Amino acid sequence: MESRKQAVMQHIRNETALTNAQELMNASTERCFKSCVVNPGTSLSSTEQACLSGCFDKYLEAFTVVSRAYAGRVRSELGPSQEEAKPTVF
Amino acid sequence: MSDSLQLDAATQNELQKFVAQETAQRKVNESIHQFTGLCWDKCITNVTSGRLAPTEASCLTNCVGRFLDASLQLVRDVENKRNQIGHA
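Residues numbered from 1 in each chain as written. Chains lettered and ligands numbered in written order. Predicted model: local features only at pLDDT ≥ 70, side-chain atom pairs only at ≥ 80, totals over all residues. Heavy atoms only, no water.

The name an unreviewed UniProt entry assigns to chain B is Mitochondrial import inner membrane translocase subunit, from the organism Ephemerocybe angulata. If you open the UniProt record of chain B and go to Subunit (unreviewed entry), you find "Heterohexamer." The Sequence similarities (unreviewed entry) field of the UniProt record for chain B holds the comment "Belongs to the small Tim family." (UniProt positions renumbered as here; feature names shortened; annotations may be inferred.)

Looking up chain A in an unreviewed UniProt entry gives the name Mitochondrial import inner membrane translocase subunit, with the organism given as Ephemerocybe angulata. Per its UniProt entry, chain A bears the Subcellular location (unreviewed entry) comment "Mitochondrion inner membrane". The UniProt entry for chain A carries this comment under Subunit (unreviewed entry): "Heterohexamer."

Quick look at the structure:
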């Protein structure tokens, strides 16, 4: 019973993590493509590649900053006694 | 061995609570993605630098706070309008 329950819970957790990761990829890819690939050529130039990598790193950082800001705000609105959902990346 | 998920009431209860928590977590994740996109568009000028500048980081933090403030204010405004209509 316990192991089946754990398996179900882990499966649900994995779903949440997967959706989160997919959303992160979609959002960052769209924005970084918009910014870095202005005139699409027949292949990605090295400049474009470097821009995309840097942009992605930056987007992950921005995501972390926003997560912390949101968590901090939720904490101060609800008070420290309330149980809150913790934002996680992966 | 049966394939169906046969669980006792206590376990079902526990799972229900867990699913409720997980659903709340997903809503939080969704909000964070929404804010990141919104605030990235407002705050990030130089995409190529690869690291977040301190000004950009504080802009992102402010952006989240102000969005939530704006949301709260609009809810209050709607409430006020409803009350006005009620007393008309």
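This part takes up the overall build of chain B. Counting its regular elements, chain B contains 2 helices and 0 strands. In summary, chain B has a C-alpha radius of gyration of 22 Å against a globular reference of 12 Å for 88 residues, an excess of more than 25%. Its C-alpha atoms put chain B at 60 × 55 × 15 Å along the principal axes. The buried share of chain B, taken over its 88 residues, is 31%. On chain B, the mean spot of the 9 positive side-chain charges and the mean spot of the 10 negative ones are 9 Å from each other. (Helix = DSSP H or I, 4+ residues; strand = E, 2+ residues; numbered from the N terminus. Rg over C-alpha atoms; globule rule 2.2 N^0.38 Å. Buried < 20%, exposed > 50% of the residue type's maximum accessible area, 1.4 Å probe, protein only. Lys, Arg positive; Asp, Glu negative; His and termini not counted. Charge placed at Lys NZ, Arg CZ, Asp CG, Glu CD.)

Moving on, we come to the interface of chain A and chain B. Facing 36 residues of chain A, the contacting portion of chain B comprises 45 residues. Interface area, chain A with chain B, both sides summed: about 3600 Å², of which 67% is carbon and sulfur. Of the charged contacts in the structure, one is a salt bridge between Arg31(A) and Asp41(B), with a shortest N-O distance of 2.9 Å. Scanning the region where chain A abuts chain B turns up 14 residue pairs in polar contact (both at pLDDT 80 or more). Put simply, the parts of the chain that give the side of chain A that touches chain B at least two residues each are α1 (2-36) and α2 (46-78) of chain A. Take the side of chain A that touches chain B: its biggest share by element is 16 residues, from α2(A). Class assignment for the residues of the side of chain A that touches chain B results in 17 nonpolar, 6 polar and 13 charged. (Contact = heavy atoms within 4.5 Å. Buried area = accessible area lost by both parts, 1.4 Å probe. Salt bridge = Lys/Arg side-chain N within 4 Å of Asp/Glu carboxyl O. Polar contact = N/O pair within 3.5 Å; in protein donor to acceptor, adjacent residues only side chain to side chain. Nonpolar A, V, L, I, M, F, W, Y, C, P; charged D, E, K, R; others polar.)

Moving on: the packing of α1(A) against α2(A). Residue and element names in this part refer to chain A. The geometry of α1 relative to α2 is characterised by a closest axis approach of 9 Å and an angle of 135° between their N-to-C directions. Comparing the axis directions of α1 and α2 gives the class oblique. In terms of crossing hand, the pair formed by α1 and α2 is right-handed. Each of Asn20, Leu24, Met25, Ala27, Ser28, Arg31, Cys32, Phe33 and Cys36 in α1 lies in contact with α2, whose residues at this interface are Glu48, Cys51, Leu52, Cys55, Phe56, Tyr59, Leu60 and Phe63. Tallied by class, residues from the contact of α1 with α2 come to 13 nonpolar, 2 polar and 2 charged. (Axes fitted to C-alpha atoms, helices over the stretch in contact; angles between N-to-C directions. Parallel < 35°, antiparallel > 145°, perpendicular 65-115°, else oblique. Left-handed = near helix turned anticlockwise from the far one by under 90°.)

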